[in-house]
Amino acid sequence: MSRRWLLAALALLMVTGCSALGVGDGARHADLRFMVPNAPGGGYDTTARICAQVLEQEGLTDRIEIFNVEGASGVVGLARTVNERGNADLMMMMGLGVVGAVYANDSTADLDEVTPIARLLSEPEVVLVPRRSRFHTLTDLLRAWRAHPDRITVGGGSSPGGPDFLAPHLIATAVGIDPAAVDYNRYDGGGPLLAALLGGEVDFAVSGVGESAEQVRTGQVRVLAVTSKERIPDFDAPTLQEQGVDLEFVNWRGLVAPPGISDQERRSLTRLVVAMHDSPAWQRAARAYGWDDTFLTGRRFATFLHQESDRVASVMSELGVRP
């Protein structure tokens, strides 16, 4: 497999979709719980809380319970979701990180078992350093990294196969660093990752835009690069490509329900999420967090999940990472 194919495959291109489902009275869901399959403060957690806020503001739900189930970068939460068979009052927030974790942990819980509801968004990753880091530019970081790969540590909030793992390995590959030499430290979500970065446990971190937005705005961390094709509003940082790194990479997030719910229950949950997505409040939140609208529901989202599983397995095999 050529490096060009590998980089293209790992760009994880999104196909924007929409739903023809109406919203109407059937969209409202009084009793609803959101499971976040990692620690508070990460991208899944932030997205779930924004979803809950919008649903409540729009009168589409009563108060939503959000709870975190940590472990194995999402696999424990996935197993819990699978075991909640028939429970149409529960949805789990997930994304590329869970897809990768299923592969990396050789999980018995499989994404084919859940009920896909909707892909909500995609977002690029950002390369972060603490405010007082010796690396003032991406060029500074890459120079030191190339010279001594064993002395530069990178942190991420996902297990092998997840976005925070894939992005630095792809960057290393693109700039001529052996990906096997990448010293990657995994943390269970964006919250612990940012604490590690600020505490000096790692030299730099790779994380989602939404997970680091507040720390960037307050000046606690600096962004050396964004992995998107174009710059992100409110993030004063150039893209990788502007700085000579031939790579574009995006992450995504979505909602799944337990297996065994009825078609009517699945349609009801989908109508609910469509109504949320179409609201001005959600559109404002998406712009504020730098999220790209790649909304997808139904069979198209199910097909996308299957394709992502195959893609991650192929890429991880190419990188020499096996479950």
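Look a little higher up for the structure.
Rules used throughout
- Residues numbered from 1 in each chain as written.
- Predicted model: local features only at pLDDT ≥ 70, side-chain atom pairs only at ≥ 80, totals over all residues.
- Heavy atoms only, no water.
- Helix = DSSP H or I, 4+ residues; strand = E, 2+ residues; numbered from the N terminus.
- Rg over C-alpha atoms; globule rule 2.2 N^0.38 Å.
- Buried < 20%, exposed > 50% of the residue type's maximum accessible area, 1.4 Å probe, protein only.
- Contact = heavy atoms within 4.5 Å.
- Areas by Shrake-Rupley, 256 points an atom, 1.4 Å probe, with all protein chains shown as cover.
- Lys, Arg positive; Asp, Glu negative; His and termini not counted.
- Charge placed at Lys NZ, Arg CZ, Asp CG, Glu CD.
- Polar contact = N/O pair within 3.5 Å; in protein donor to acceptor, adjacent residues only side chain to side chain.
- 1 Å grid on protein atoms, 1.4 Å probe; cavity = no way out; pocket = protein on both sides within 12 Å on 5 of 7 lines; lining within 4 Å.
- Points joined across faces, edges and corners; volume = space filled by probe spheres on them.
- Nonpolar A, V, L, I, M, F, W, Y, C, P; charged D, E, K, R; others polar.
- Pairing = 2+ DSSP bridges.
- Axes fitted to C-alpha atoms, helices over the stretch in contact; angles between N-to-C directions.
- Parallel < 35°, antiparallel > 145°, perpendicular 65-115°, else oblique.
- Left-handed = near helix turned anticlockwise from the far one by under 90°.
- Core = buried A, V, L, I, M, F, W, Y, C linked by side-chain atoms within 4.5 Å.
- Phe/Tyr/Trp six-rings, centres within 6.5 Å; stacked < 30°, edge-to-face > 60°.
- Lys NZ or Arg CZ within 6 Å of the ring centre and 35° of its normal.

## Re the overall build of the protein chain
So, step 1. When you go through the protein chain residue by residue, the secondary structure sums to eleven helices and ten strands.
So, step 2. Relative to the 2.2 N^0.38 estimate, which gives 20 Å for 323 residues, the radius of gyration of the protein chain is 19 Å and therefore close to what a compact globule would have.
So, step 3. Judged by the C-alpha coordinates and their principal axes, the protein chain covers about 60 × 40 × 30 Å.
So, step 4. Within the protein chain, the proportion of its 323 residues that are buried is 58%.
So, step 5. Relative to all contacts within the protein chain whose residues are 6 or more apart in sequence, the contacts with residues 24 or more apart total 80%.
So, step 6. Of the accessible surface of the protein chain, which amounts to about 13200 Å², a share of 46% is contributed by carbon and sulfur atoms.
So, step 7. Put simply, the protein chain has 30 plus and 40 minus side-chain charges, and the middle of one group is 3 Å from the middle of the other.

## Examining the environment of Asp140
So, step 1. Mapped onto the elements, Asp140 comes out in helix α5 (residues 138–147).
So, step 2. In sequence terms Asp140 and Arg49 are 91 residues apart; their C-alpha atoms lie 36 Å from each other.
So, step 3. At a separation of 3.1 Å, a polar atom in the side chain of Asp140 contacts the main-chain amide nitrogen of His136.

## Some remarks on empty space enclosed by the protein
So, step 1. Counting across every chain of the model gives one cavity of 30 Å³ or more.
So, step 2. For the largest cavity, the calculated volume is near 140 Å³.
So, step 3. Considering only residue class, the lining of the largest cavity consists of three nonpolar, nine polar and three charged.

## Concerning the pairing of strand β7 (residues 204–208)
So, step 1. Most of β7 sits inside the fold, with five of its five residues counted as buried.
So, step 2. Relative to β7, strand β4 (residues 115–130) runs antiparallel, the two sharing four bridges. Within β7, the residue paired with Glu125 across the bridge is Gly208.
So, step 3. With three bridges connecting them, strand β5 (residues 153–156) and β7 associate as parallel partners. By the bridge assignment, Val154 is partnered in β7 with Phe204.

## Some details on the packing of helix α4 (residues 96–104) against helix α11 (residues 298–318)
So, step 1. Remark: α4 packs on α11, axes separated minimally by 9 Å, with the N-to-C direction vectors making an angle of 60°. When the axis of α4 is compared with that of α11, the two are oblique. In the crossing of α4 with α11, the sense of the turn from one axis to the other is right-handed. Judged by residue contacts, Leu96, Val99, Gly100 and Tyr103 of α4 engage Glu308, Ser309, Val312, Ala313, Met316 and Ser317 from α11.
So, step 2. Residues of the contact of α4 with α11, tallied by class, amount to six nonpolar, three polar and one charged.

## Quick look at the nonpolar core
The tendency in soluble globular proteins is for nonpolar side chains to be buried side by side.
So, step 1. Phe34 and Leu120 are the most contacted members of the largest nonpolar core, which has 88 residues in total.
So, step 2. Looking at this core element by element, the count peaks at seven residues for helix α2 (residues 43–57).
So, step 3. Setting aside its immediate chain neighbours within four residues, Phe34 contacts Ala48, Cys51, Ala52, Leu55, Ile64, Glu65, Ile66, Phe67, Met91 and Leu255.
So, step 4. With 18 residues, the next largest nonpolar core counts Leu193, Val202, Val223 and Val226 among its residues.

## Looking at the packing of aromatic side chains
So, step 1. Scanning the model with the defined rule gives six aromatic pairs in all.
So, step 2. An angle of 85° between the planes, with centres 6.1 Å apart, marks the rings of Trp252 and Phe301 as edge-to-face. Here Phe301 lies in helix α11 and Trp252 lies in strand β9 (residues 250–257), a separation of 49 residues in the sequence. Considered together, Trp252 and Phe301 belong to a single accessibility category, that of buried residues.
So, step 3. Between Tyr289 and Trp291, the ring centres sit 5.0 Å apart and the planes meet at 20°, which makes this aromatic pair stacked.
So, step 4. The exposure class of Tyr289 is partly exposed, given its relative accessible area of 23%.
So, step 5. Through successive ring pairs, a cluster of aromatic residues spans Trp252, Phe301 and Phe304.
So, step 6. Just above the ring of Phe304 sits the side chain of Arg119; from NZ or CZ to the centre is 4.5 Å.

## Considering the pairing of β4
So, step 1. Counting buried positions over the 16 residues of β4 gives 16, a clear majority of the element.
So, step 2. In the sheet, β4 pairs with β9 via eight bridges, with the strands oriented antiparallel. Looking at the pairing, Pro124 lines up with Val250 of β9.
So, step 3. Sheet topology note: the β4/strand β8 (residues 221–226) ladder contains five bridges and is antiparallel. For Pro130, the partnering residue across the bridge sits in β8 and is Val221.

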